[in-house]
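# Observations on the three-dimensional arrangement
Single-letter residue listing:
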Amino acid sequence: MNRARTLAGAALLALLLSACAIAPDPGSSPSATPDVTPVPTTALPQATASATAGPAWSVETLSNNDPALPVHLQWPVVPGAPELTRVLGADLAARERAFLAEYEPNAEAPPELRGTWQTVLDAPAWVGVRIELYEFAGASGQVTTTVVYGQNMAGQALRSSDLVAPAAQRAAVDAIAAALRADGHEVLDDLVGAPGVEEQLLQDLVFGPRGELVVRVGEGVALPFSDGIVDVTLQPSVAEGLLSEQGRHVRDAAVDLTGPVSPSPEPPVAVPQPAASVDCAVAQCVALTFDDGPGRETARLLDDLAREGVPATFFVLGTSAKAQPALVRRMAAEGHEVGTHTLSHKQLTKLSAEGQRAEIARGIEAVEAVGVTPTVFRPPYGSYNDATRSVVGAPMVLWDVDTLDWKTRSADATVSAAVGGAKAGSIVLMHDIHAPTVDALPRVVAGLREKGFTLVTVSTLLGTREPGSVSSRR
Ligand code: NI
């Protein structure tokens, strides 16, 4: 990794994230206790699952499904903290614009921008969300992380750096450098002395259960690149002297949590048998498939599919299944087929075989954890290689009709692509994260039925396939 380029990237990120004055939103809704399972991390205090029910979090996604310039960014929609949701969305939209302005599509070595999130604090008064951005420049990749906090009820949002008093920012840098040295790291003085380093070093701050402050130090921010991303802990007495008043409120919210609450295990969902089995050797079958959900539009899509009596196939992301388990259970309970689409939408062909196996397995585990057994797999962007086939452990299902719904964002264009492109045996690709796609569904169904097609799940269409097999139509 070229250091000048990385510093430029870090500076850009800092610039994007430096609009610290986030106005409170007086019109926010009452406290909501989100229903979300945090993504496990190795080095952090675990966030706590909420014990009480409240409006469920949903997931917002920016995704282009372009294998030559892949972008896939996700963030949570937190019902009780609209300002947090707004800030996360605005940051990521700005990041996507900057990425698309900087890079050209490249089929050989696609630049990639991917963003995932995890809950780092889930308390009644405050929630904290970490965004992890991965940017691949065509030769090397870099991960940057930021944590933003949102206050339930008041709707205020805070950057991590806002947790530290303005007058204590330099002291915080010194305390982090001292803690890194105490952990045996070689701190690079020219980096920790550089202007603006406060913003970079203070963009990912999380409180532990005793009030200690865990600082996630980005690649090449204070340490040699070979150290990678490093978590370092400032003890409660050290942190106390650095915090702003708001920082102390967030700290108190984290300390007040009594510890992780184990979610009660959900009973497995019994998949109903189809009322009448369809023989696609006889009938003219077409399978509708929806990727990248569940998301905010998925419930409406399920309503429409139920009204039309149409079974579909969903290729869900592990991160979104964790955030919205009820929607995944509903898919299975209503007779749809549930497949997986990896944990976090990484382009698999850039990963080692072991990396692919882990990304695929964690996606499957996330779905199994909500009580649903996935049957099929679709690689993000349709990108796979021999290693994918050897580790996937499930039939891979691609498509022959690409509606390009992610690109057109037009219900009319989606209807004409789906209905105009389908033949007997077709697999139609759509995304249940886009409102125009869901708007299109009733007309897609009507148009396909008018042409004499019977709508089925992919496994009804394809029959039993071997793990590692690849199908794009019957
Ligand atoms: Ni996808």
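Remember, it's a predicted structure, so these values are computed and weren't measured experimentally.

Next up on the list: the confidence of the model for the protein chain. For the protein chain, the average pLDDT comes to 86, and 84% of its residues sit at 70 or higher. Confidence over residues 1-53 falls short of pLDDT 50; this stretch has 124 contacts with residues more than four positions distant or in other chains. The model gives residues 260-266 a pLDDT under 50, and that stretch makes six contacts with residues more than four places away or in other chains.

Moving on, we get to the sheet that holds strand E3 (residues 112-122). Sheet strands pair by backbone hydrogen bonding; their relative direction is either parallel or antiparallel. The strand order across the open sheet formed by six strands is E1-E2-E3-E4-E5-E6, and the pairing between neighbours is mixed. Edge positions in the sheet fall to strand E1 (58-63) and strand E6 (157-159), since each of these pairs with one other strand and no more. Adjacent strand axes in the sheet meet at a mean angle of 25° when their direction is disregarded. Where strand E5 (residues 141-151) and E6 come together, three bridges link them in antiparallel fashion. Pairing of Val148 across the sheet is with Arg159, part of E6. Packing of helix H7 (residues 245-256) onto the sheet brings it into contact with E3, strand E4 (126-136), E5 and E6, and relative to E4 it is tilted by some 100°.

The three strands are arranged E7-E8-E9 in an open sheet whose pairing can be described as antiparallel. Both edges of this open sheet fall to strand E7 (205-207) and strand E9 (230-234), since each of them pairs with a single strand only. Put simply, the sheet's adjacent strands are angled 25° from each other on average, direction ignored. With five bridges connecting them, strand E8 (residues 213-217) and E9 associate as antiparallel partners. In the strand pairing of E9, Val214 is matched with Thr233. Packed on one face of the sheet, helix H3 (residues 169-182) meets E8 and E9 and runs near 110° to E9.

Omega for the peptide link from Gly293 to Pro294 comes to -5°, which places this bond in the cis form. Looking at the element boundaries, Pro294 is found in the loop between strand E10 (285-291) and helix H8 (298-308). In this structure, Asn65 takes a positive phi of about 50° despite not being glycine. Position of Asn65 among the secondary structure elements: in the loop between E1 and strand E2 (71-77). Residue Asn65 is classed as buried on the basis of its relative accessible area of 7%. Of note in the backbone geometry, Leu404 takes a positive phi value of approximately 55° without being a glycine. Structurally, Leu404 is set in the loop between strand E14 (401-402) and helix H13 (405-408).

Evaluated as defined, the whole model comprises one disulfide. Bridging Cys280 to Cys285, the disulfide has an S-S length of 2.1 Å. Where Cys280 bonds to Cys285 through sulfur, the torsion about that S-S bond is close to -90°, and the disulfide is left-handed. Residue Cys280 is classed as buried on the basis of its relative accessible area of 8%.

Structurally, Asn64 is set in the loop between E1 and E2. The class of Asn64 is buried, set by a relative accessible area of 10%. Separated by 317 residues in sequence, Asn64 and Tyr381 place their C-alpha atoms 9.1 Å apart.

About the criteria used
Residues numbered from 1 in each chain as written. Predicted model: local features only at pLDDT ≥ 70, side-chain atom pairs only at ≥ 80, totals over all residues. Heavy atoms only, no water. pLDDT = per-residue confidence, 0-100. Contact = heavy atoms within 4.5 Å. Pairing = 2+ DSSP bridges. Helix = DSSP H or I, 4+ residues; strand = E, 2+ residues; numbered from the N terminus. Axes fitted to C-alpha atoms, helices over the stretch in contact; angles between N-to-C directions. Buried < 20%, exposed > 50% of the residue type's maximum accessible area, 1.4 Å probe, protein only. Disulfide = S-S within 2.5 Å.

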